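In case you want the letters, here they are:
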Amino acid sequence: MCYKPSAAPTETADLMQLATRLQQLPPYVFAELDRKKGALQAAGMDLIDLSIGDPDQPTPPPILAALARGAADRTNHRYPPYAGTRNFREAACGWMERHYAVTLDPDRECLALIGSKEGIAHLPWAFVNPGEVVLVPSPGYPVYTSGALFVGATPHLLPLRADRGFLPDLAAIPAEVARKAKLLWINYPNNPTAAVATREFFAEAILFAKRHNLILAHDTAYAEIFYDGERPVSLLQCPGGMDVGIEFHSLSKTFNMTGWRIGFAVGNPAIVQGLAKMKTNLDSGVFGAVQTAGIAALTAPELVQPIRASYQRRRDCLVAGLSRIGWPVTAPKATFYVWAQVPNRMSSAEFATLLLERAGVVITPGTGFGAEGEGYVRFALTATKERISEAIDRLRELL
Ligand SMILES: Cc1ncc(COP(=O)(O)O)c(C=O)c1O
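Only a predicted model underlies this, so the values are computations on that prediction, with no experimental measurement involved. (Residues numbered from 1 in each chain as written. Predicted model: local features only at pLDDT ≥ 70, side-chain atom pairs only at ≥ 80, totals over all residues. Heavy atoms only, no water.)

So, the site of the ligand
Convention followed: Proximity is defined per residue: if any heavy atom of the residue lies within 4 Å of a molecule or strand, that residue is considered near it. Pairs of N or O atoms are called polar contacts if they sit within 3.5 Å, as long as, within protein, a hydrogen donor faces a hydrogen acceptor (for residues adjacent in sequence, only side-chain-to-side-chain pairs). Surface exposure here means Shrake-Rupley accessible area, sampled with a 1.4 Å probe, where a residue is shielded only by the protein chains that are shown. Helix and strand assignments follow DSSP, with helices taken as H or I runs no shorter than four residues and strands as E runs no shorter than two, numbered in order from the N terminus. Residue polarity follows a fixed list, in which Ala, Val, Leu, Ile, Met, Phe, Trp, Tyr, Cys and Pro are nonpolar, Asp, Glu, Lys and Arg are charged, and the others, Gly among them, are polar.
Taken together, 14 residues surround the ligand, and among them D219, S250, S252, K253 and R261 come closest. Residue S116 places a side-chain N or O atom 2.8 Å away from an oxygen atom belonging to the ligand. In this structure, D219 approaches the ligand through a side-chain N or O atom, which is 2.6 Å from a nitrogen atom. Computed on the free molecule, the ligand has an accessible area of 400 Å², of which 92% lies beneath the protein chains in the complex. In terms of residue count, the dominant contributor to the shell around the ligand is helix 6 (residues 116-127) (three residues). In the shell around the ligand, the residues fall into four nonpolar, six polar and four charged.

Here's what the structure looks like:
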């Protein structure tokens, strides 16, 4: 029988009314800042944009060549397999084996994604019922909250504070909230705080997930952007991680591929297959040629080294420069972000506006990632070292 909506809208105004799930989203805090940025740009001001979490460098040539090969392959002109091609999943599992000594079954424990955002947004649809709770870090990537709201769940915010190394205090979650929780999001290396998590924290999170019978979802989009030779930990290499966990990997930041939309999820087979079932009903998989390019990327880890090294030079330039002008910040161990405390009594939005209007330097107010981001701003190292040095010169005059 055909599906019939229960009540047909009668007036155009009703028809155009956004659904409650969209209306309940938190307000877009960057609107005013975006407007000012647009106006200054239109007036001809030279803006140095350190606000965007999107690499400024091009995708490495071997990956481009693989895309061209994949595009010429006729099998890629048809619908791709929902879960990703076997070759792509094998490459992703090979990556996990080489980097983390984690052995995975490409058929049951790995899934290609149209960017990790797609999987992150869809995970609650597969596992969370209306009225249940999703535990979400704050400040944090906004999709954890919107994904929870879309399925009628309640996001419960876990503050990330400097005194705890920007790790959530799981012991402080009220018993009643933990009882209703179905999913716990963690994200290390972290956006926006740039923190990395210890093995002890992963052990604690795994224990918490087991005790409360919930899914532990680790977003590790920045796993490859690490400095000083210290590779961040994967949830799946920790004892018990596979029992409760799913991990989201992205090729976006690692290989300058944000525009290509490719990532993968790995972990507990029941969780991965639940997400796969959701995807089967929603999308038709990643374009086969993009997966061919993804294989070229995942099997050539040497491509990452120069990308990582260039962010390290930029990081060192920014951190040393800010320190020279009397604004000391912590050098991040990973990610291409620097999370800096506002150096005066202004709110993070006021301070970001001041830097924009008076110095033409664009940074992100911490409140863009949730109320707990107040008192901080985020710099993205997605501009050249020369532009970062110029930004420091401008800030010296202003501060
Ligand atoms: C923490 C975090 N997770 C996931 C993503 C999504 O990345 P993608 O969908 O490009 O893989 C982003 C993008 O900015 C991010 O900052």
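From this point, the narrative continues.
Quick notes on the side chain of R315
Formally: Think of it in three bands: with a 1.4 Å probe and only protein chains considered, a residue is buried below 20% of the maximum accessible area for its type, exposed above 50%, and partly exposed in between. We call two residues in contact whenever any of their non-hydrogen atoms come within 4.5 Å of each other.
By the element assignment, R315 lies in helix 13 (residues 304-324). Classification of R315 as buried rests on a relative accessible area of 6%. Within the structure, R315 has its side chain in polar contact with the side chain of D228 (distance 3.5 Å). A polar contact is formed between the side chain of R315 and the backbone oxygen of P332, at a distance of 2.7 Å. Residues in contact with R315, not counting those within four places in the same chain, are Y227, D228, A331, P332 and L381.

Quick look at the pattern of salt bridges
Side-chain pairs of opposite charge can arise where the charged atoms are in close proximity. Under the convention used in this document: In what follows, salt bridge is the name for a side-chain nitrogen of Lys or Arg lying within 4 Å of a carboxyl oxygen of Asp or Glu.
According to the stated counting rule, one finds 21 salt bridges in the structure shown. A salt bridge links R396 to D393, with the shortest nitrogen-to-oxygen separation between them at 3.2 Å. Here D393 and R396 lie together in helix 15 (residues 385-398), a separation of three residues that amounts to about one turn. The exposure class assigned to R396 is partly exposed, which follows from its relative accessible area of 42%. The class for D393 is partly exposed, based on a relative accessible area of 39%. One salt-bridge network, in which partners are shared between bridges, spans D46, R387, E390 and R394.

Some words on helix 6
Because each turn of an α-helix spans 3.6 residues, side chains separated by three or four positions in sequence point in the same direction. As a reminder of what qualifies: Working rule for helices: expected span equals 1.5 Å times residues minus one.
In a regular helix each residue adds 1.5 Å, so twelve residues correspond to 16 Å; helix 6 covers 17 Å between its end C-alpha atoms and thus fits that length. Along helix 6, the positions that sit buried rather than exposed are S116, E118, G119, I120, H122, L123, P124 and F127.

Considerations on the domain arrangement of the chain
Our working definition: Where each domain begins and ends is defined by an automated method or by a domain database. Throughout, buried area stands for the accessible area (probe radius 1.4 Å) lost by two parts on being put together, summed over both.
Under the domain assignment used here, the chain contains domain 1 (19-58 + 304-398) and domain 2 (61-301). Each of domain 1 and domain 2 was reduced to a C-alpha centroid, and the two centroids are 26 Å apart. Each side of the interface is counted separately: domain 1 has 33 residues, and domain 2 has 34 residues. Summed over both sides, the interface of domain 1 with domain 2 buries roughly 2900 Å², with 60% coming from carbon and sulfur. Put simply, domain 1 and domain 2 have three salt bridges between them. The shortest N-O distance in the salt bridge between R315 and D228 comes to 3.5 Å. At the boundary of domain 1 and domain 2, one finds 15 residue pairs in polar contact (both at pLDDT 80 or more).

Considerations on unusual backbone geometry
Between S138 and P139 the backbone carries a cis peptide bond, its omega angle lying at 5 degrees. Among the secondary structure elements, P139 is positioned in the loop between strand 3 (133-138) and helix 7 (143-150). Within the chain, F166 stands out as a residue other than glycine whose phi angle is a positive 60 degrees. Following the sequence through the fold, F166 ends up in the loop between strand 4 (154-159) and helix 8 (175-180).

A closer look at the sheet that holds strand 2 (residues 110-113)
The strands that make up a sheet are held in pairs by hydrogen bonds between backbone atoms, and each pair lies either parallel or antiparallel. Rules: For two strands to pair, DSSP has to find at least two bridges joining them. Interaxial angle, 0 to 180 degrees, is taken between N-to-C directions of lines fitted to C-alpha atoms, where a helix line uses only the stretch in contact.
Overall, mixed pairing links the seven strands, which are arranged 2-8-7-6-5-3-4 in an open sheet. A single partner strand is all that each edge strand has here, and the edge strands are strand 2 and strand 4. The average angle at which neighbouring strand axes cross in this sheet is 20 degrees, direction not considered. As judged from the four bridges shared by strand 6 (residues 215-219) and strand 7 (residues 245-250), these two strands associate in the parallel manner. Across the sheet, residue L216 finds its bridge partner in strand 7, namely G245. Taken strand by strand, helix 5 (residues 86-100) contacts strand 2, strand 7 and strand 8 (263-267), and its axis lies near 65 degrees from that of strand 8.

Quick look at helix 11 (residues 269-280)
Over its twelve residues, helix 11 runs 16 Å from end to end, which matches the ideal 16 Å to within 8%, given 1.5 Å per residue. Listed in full, the buried residues belonging to helix 11 are P269, I271, V272, G274, L275, A276, M278 and K279.

Quick notes on the packing of helix 3 (residues 31-42) against helix 14 (residues 348-359)
Here is the rule: Here is the rule for angles: anything less than 35 degrees is roughly parallel, anything more than 145 is roughly antiparallel, 65 through 115 is roughly perpendicular, and the remaining ranges are oblique.
For the pair helix 3 and helix 14, the least separation of the axes is 10 Å and the interaxial angle reads 5 degrees. Considering their axes alone, helix 3 and helix 14 lie roughly parallel with respect to each other. Side by side, helix 3 and helix 14 meet where L33, K36, K37 and L40 of the first sit next to A352, T353, L356 and E357 of the second. In the contact of helix 3 with helix 14, the residues fall into four nonpolar, one polar and three charged.

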